[in-house]
Amino acid sequence: MTLTNSMLNQNNHYDLVMIGAGAANLSLVLALKESNYEGSVLILERTDKLPNNRIWSFWYHPTLPKHITSLISHKWVSWSVSIGTSCAIMNAPTMPYCSITAETLSDAALAIIDKSANYSLLLSCDVVSIEHKKNTISVITPSAKFECSQVIDTRPPIPELPNVGLLQSFYGMEIKTESAFFTPSKVDLMHKLHVSNNRLEFFYILPFSESHALLEYTCFTRENIPKMVLKHQIEAFVTKYINGTDYSLVRTESGVLPMYNITPPANKKNVIRAGISGGAMRASTGYCFSSIQTWAEQTAAMLVNAEPLKQIIPIPKIYRWMDDLFLRVLCHNMNIAPVLFYDLTKKLSAPRFARFMTEKASVLDLLSIIWCMPKLIFLKALFNINEKKQVNAKKK
């Protein structure tokens, strides 16, 4: 049920407290329900409603749970990356690009919360602190203190750009037009890739029909770009793309994502991080929904089996290492970034590309991806990594 402040004194002890009602914790609610978890769960969300202003996109894979695939609203069998007039197109009918709206995910989780006596939700509730006691954990908010056995914290990390890392800034507009402008069967993942002012820039076009799409301006850069600059870029692109005709604005979305590997802090007993702060996002791309499902399934199993909560980084080490190396190359060679992304799309098979994007690649897939990259630049970046590790080891 959804709690109000007047109901807080009825029961302030829970088996599990989830901080944040984003994709990670809502996916876990669905996974726990499928696993028949009987413990008491409280979700604390700082905003006054569940998220409904974004779209989660990912590549389909047979290992995705049915309670997630049933929420898919759109599928695209083709996707493309373009530079200037050159366009590389991939087709994968068995591993299509998929989307789930935040509203759909929220509604599915809310249905469970409202119908199940052991799930509670408190909105407009900001967590002040988490305190460990001898036999319990206290989650402190401005209006109450909740005692619990376990905590999952999805609050975003404080942005701290490391020496090698980028920021992915984006601003999107979901629009409807009177005429047909879009190709409903194909997603433009990176449209018009180019470098300007040491920024990698491109446009993302997610078409829902011939006259309905999400268009997004995205840039990879070392600096934080003002929101109004991002907005101006996408507004100018939309006007040009639809030839200056009228359109209706459905909604907007914007954000800044860290493009570097995040390692969660050493977890205290039965308190773990999840979502972006739990290392669930691919540093080189910003995709996280598939890895969140992996995390949710594994975490649900721990909870159902009454095991102590352990910190899980759902992205295997090989992908984190490859992402780190790729980003080191981008940071020092931004001018070649469009070619790197274009070549991956041009030279790889679509299923191989999709498996890599969902952390399901075979050894041959990984070797093929490495082979697509310019050898000298990547070897130099690899040498610099090893050299720094040796220097740091000597300092210790």
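Above this note sits the structure.
Residues numbered from 1 in each chain as written. Predicted model: local features only at pLDDT ≥ 70, side-chain atom pairs only at ≥ 80, totals over all residues. Heavy atoms only, no water.

**Concerning the packing of aromatic side chains**
On inspection of all chains with the given rule, the structure shows 20 aromatic pairs. For the pair Trp59 and Trp79, a centre-to-centre distance of 5.6 Å together with 80 degrees between the ring planes defines the contact as edge-to-face. Note that Trp59 is positioned in strand 4 (residues 55-59) and Trp79 in strand 6 (residues 78-83), a separation of 20 residues in sequence. The same class applies to Trp59 as to Trp79, namely buried. (Phe/Tyr/Trp six-rings, centres within 6.5 Å; stacked < 30°, edge-to-face > 60°. Helix = DSSP H or I, 4+ residues; strand = E, 2+ residues; numbered from the N terminus. Buried < 20%, exposed > 50% of the residue type's maximum accessible area, 1.4 Å probe, protein only.)

**Let's talk about the packing of helix 8 (residues 350-357) against helix 9 (residues 363-372)**
Orientation of helix 8 relative to helix 9, taken along the N-to-C sense of each, is 100 degrees, at an axis distance of 10 Å. It follows from the interaxial angle that helix 8 and helix 9 lie roughly perpendicular. Packed against helix 8, whose contacting residues are Arg352, Arg355 and Phe356, the element helix 9 presents Leu364, Asp365, Leu366, Ser368 and Ile369 at the interface. A class-by-class count of the residues in the contact of helix 8 with helix 9 yields four nonpolar, one polar and three charged. (Axes fitted to C-alpha atoms, helices over the stretch in contact; angles between N-to-C directions. Parallel < 35°, antiparallel > 145°, perpendicular 65-115°, else oblique. Contact = heavy atoms within 4.5 Å. Nonpolar A, V, L, I, M, F, W, Y, C, P; charged D, E, K, R; others polar.)

**A few points about empty space enclosed by the protein**
One pass over the structure, following the stated rule, counts three cavities of 30 Å³ or more. Every residue along the wall of the largest cavity is listed here: Phe58, Trp59, Arg282, Tyr287, Cys288, Phe289, Ser290, Ser291, Met357, Thr358 and Glu359. Going through the elements one at a time, strand 4 and helix 5 (289-304) are the ones with two or more residues in the lining of the largest cavity. Among the elements that make up the lining of the largest cavity, the one with the highest residue count is helix 5 (three residues). The residue inventory of the lining of the largest cavity, partitioned by class, reads six nonpolar, three polar and two charged. Approximately 40 Å³ is the volume found for the second largest cavity. As for the second largest cavity, its lining consists of Tyr260, Asn261, Ile262, Ile276, Gly279, Ala280, Met281 and Arg320. Considered class by class, the residues forming the lining of the second largest cavity number five nonpolar, two polar and one charged. (1 Å grid on protein atoms, 1.4 Å probe; cavity = no way out; pocket = protein on both sides within 12 Å on 5 of 7 lines; lining within 4 Å. Points joined across faces, edges and corners; volume = space filled by probe spheres on them.)

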